[in-house]
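Secondary and tertiary structure notes
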Amino acid sequence: MAEKQFPGILNGAVPGEPVKTDKNSRRGNWGNQIEFILTSVGYAVGLGNVWRFPYLCYRNGGGAFMFPYFIMLVFCGIPLFFLELSFGQFASQGCLGVWRISPMFKGVGYGMMVVSTYIGIYYNVVICIAFYYFFSSMTNLLPWTYCNNPWNTPTCNGVVTPTGINNTLANVTRSLVTGAAEVAVEVVNKTKRTSPSEEYWKHYVLKISDDIGNFGEVRLPILGCLAVSWVVVFLCLIRGVKSSGKVVYFTATFPYVVLTILFIRGITLEGAVTGIKYYLTPQWHKILDAKVWGDAASQIFYSLGCAWGGLITMASYNKFHNNCYRDSIIISITNCATSVYAGFVIFSILGFMAHHLNVDVSEVADHGPGLAFVAYPEALTLLPISPLWSLLFFFMLILLGLGTQFCLLETLVTAIVDEIGTDWIIRNKTVVTGGVAIVGFLLGVPLTTQAGIYWLLLMDNYAASFSLVIISCIMCICIMYVYGHKKYFKDVEMMLGFPPPIFFRVCWRFVSPIIISFILIFTVIQYKPITYNDYVYPGWSLAIGFLMAMSSVTCIPIYALYKISKSEGTTFLERLKNSCKADIKWGPALSEHRIGHYAAPVSEGEVEVRPLKEELKEKEDEKRDEISLTIQGSNGSTAHNTTPSA
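Residues numbered from 1 in each chain as written. Predicted model: local features only at pLDDT ≥ 70, side-chain atom pairs only at ≥ 80, totals over all residues. Heavy atoms only, no water.

For the rest of this paragraph, the subject is the overall build of the chain. Broken down by element type, the chain carries 27 helices and four strands. Expressed as a percentage of the 646 residues in the chain, the buried residues total 58%. Across the chain, contacts joining residues at least 24 apart in sequence account for 83% of those joining residues at least 6 apart. Carbon and sulfur atoms provide 65% of the accessible area of the chain, an area that totals close to 26,700 Å². (Helix = DSSP H or I, 4+ residues; strand = E, 2+ residues; numbered from the N terminus. Buried < 20%, exposed > 50% of the residue type's maximum accessible area, 1.4 Å probe, protein only. Contact = heavy atoms within 4.5 Å. Areas by Shrake-Rupley, 256 points an atom, 1.4 Å probe, with all protein chains shown as cover.)

Structure follows, in structure tokens:
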């Protein structure tokens, strides 16, 4: 009871403090800090780490690309990651509730919700295709091994022969020496090689149509896998972070086990060293190319999941005094290290395949769905017990995708529940989760048609492109310049027990916004209309893409105008000023954490009368806190020195 009677005394997490003082029993918290870190790692480490980064690295100078990549990580990635974690943790609110900091900018939160909705729709379709390939790998012979299937065309050219498929790797390599030479000559002579895996992908899995407007039929196997995917996501989130926090112990860690198994298998193959050299050999002259720096900045920004709303949402379930500064560094570095590690796994296998075909690695390298569902599966057919390696690879893709999908769905659900905020909606959060999952499934159905891949790539390229950059930039400006950097630094200090390091203060105010602006300019300059292989998207589909991109950004000015019109004041400037002021409810969610100027009652029903002596003691404590040393506990909590030093 002492905690409730004397909230001004217990204003920080001290050694021996009862755990309940830092728990949000109404909204919920993570079971422990490991759950938050694993969930955030699962959110940040996704499919892009496997199918995008390795390709960007070899295309932009190999090892030389690492230099701008890690520069952007230090000056943009980690600071933005820390900013979003501290933002959500301080307010214990999702991507809508946090904008009590400056209500006029609540449209930024709606923009984050729109982006998360788009990504959640198409991301689960990618996961469902991985499910389909996973189920298809449960066989003695992978169905994309040969060219003798009903869906194959006369131009199909396989890389293995039926006589060698069941031998050991040594026997396969030896028996195909003469055949591989003939295949290599044939491949070189052909203007474009059509592989069995590519035809399986296009003509059997997708039954791809000839135009984005020609939807054709719904691919029932894909639709079934989409239902499976959404059911899995729903079941893992059925109790919110309480259930997903337990699931991530497996979904966030097992992909590293699979990556390690594939890495060990890959580097033992002939030609693997050539592939890895192709991946890492520095081309230092490319560092002077602005495009390389732009790709590095963009990859860091998108890979960490900044401006999606997920980081704010996940951090909102932290305890108030959790050391999110430490967490942001751990998670960001883990994400980037995973990208580099995945490059070894991908290029060791591709190097082996290039060696087998006697072609350059660049001819077999690919990115995106082309790598995950065409190039890599084809390379796996060259290995003995190929179904086993295929099962492992696609299981890894499923887990990587689910880790991100959990957070995307939780972002939407948390925003809805926090915004409504009634006891009924909090008690029935599972119903909201199920409703969002059903809507997500229905919106994903068009992506399972024969034109689905065109729409999936359109959403991937436009729904979460420059709009994310604009959202992130406005968020930085709002917190640092509208709310005020000094006030925010004090908020972080009150939460962590120490102020943000000067490096992060400089990055938040100047460096990161400049880099974000650079990414935006780079994105506009480097813009090229989307294509898929030889297919050029028609103008009307590109217009839809731009509308998707703008739909999240337009939330910001629309809501700002609405808020200004509803604010008090006789002139426009007065209304503008009042709409930018922090709401009275802005601040820590729990009363024991609302100290200093946050100690004012948040509503008429929560007015708290305290003795004068207690108020005077609080003021003395605050003054002493400004000059006292802070002691950081081993669990990330902090304690203020409340006794005068000698």
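Read on for the rest.
A word on the UniProt feature "binding site: Na(+) 1" (unreviewed entry) in the chain. In the numbering used here, UniProt assigns the feature "binding site: Na(+) 1" (unreviewed entry) to Gly 42, Val 45, Ser 303, Asn 335 and Leu 400. Taken along the chain, the residues just named run across 359 residues; in space they keep tight, none of their C-alpha pairs more than 12.5 Å apart. Note on placement: Asn 335 falls in helix H16 (residues 324–357). Leaving out residues up to four positions away in the same chain, Asn 335 has contacts with Ala 44, Val 45, Asn 49, Ser 303 and Leu 304. When sequence neighbours within four positions are dropped, the list of residues in contact with Leu 400 reads Gly 42, Val 45, Gly 46, Leu 47, Val 50 and Pro 255. (UniProt positions renumbered as here; feature names shortened; annotations may be inferred.)

This part is about the UniProt feature "binding site: Na(+) 2" (unreviewed entry) in the chain. Within this numbering scheme, the UniProt entry marks Ala 44 and Asn 49 as carrying the feature "binding site: Na(+) 2" (unreviewed entry). Examined against the element boundaries, Ala 44 turns out to sit in helix H2 (residues 33–44). Among residues more than four places away in sequence, those in contact with Ala 44 are Asn 49, Ser 303, Leu 304 and Asn 335. Turning to its location among the elements, Asn 49 is positioned in helix H3 (residues 47–51). At a separation of 2.9 Å, a polar atom in the side chain of Asn 49 contacts the main-chain amide nitrogen of Gly 46. (Polar contact = N/O pair within 3.5 Å; in protein donor to acceptor, adjacent residues only side chain to side chain.)

For the rest of this paragraph, the subject is the side chain of Thr 433. Mapped onto the elements of the fold, Thr 433 is located in helix H20 (residues 429–444). The class for Thr 433 is buried, based on a relative accessible area of 2%. Discounting residues that sit within four places of it in the chain, Thr 433 has contacts with Phe 234, Leu 237, Leu 409 and Val 413.

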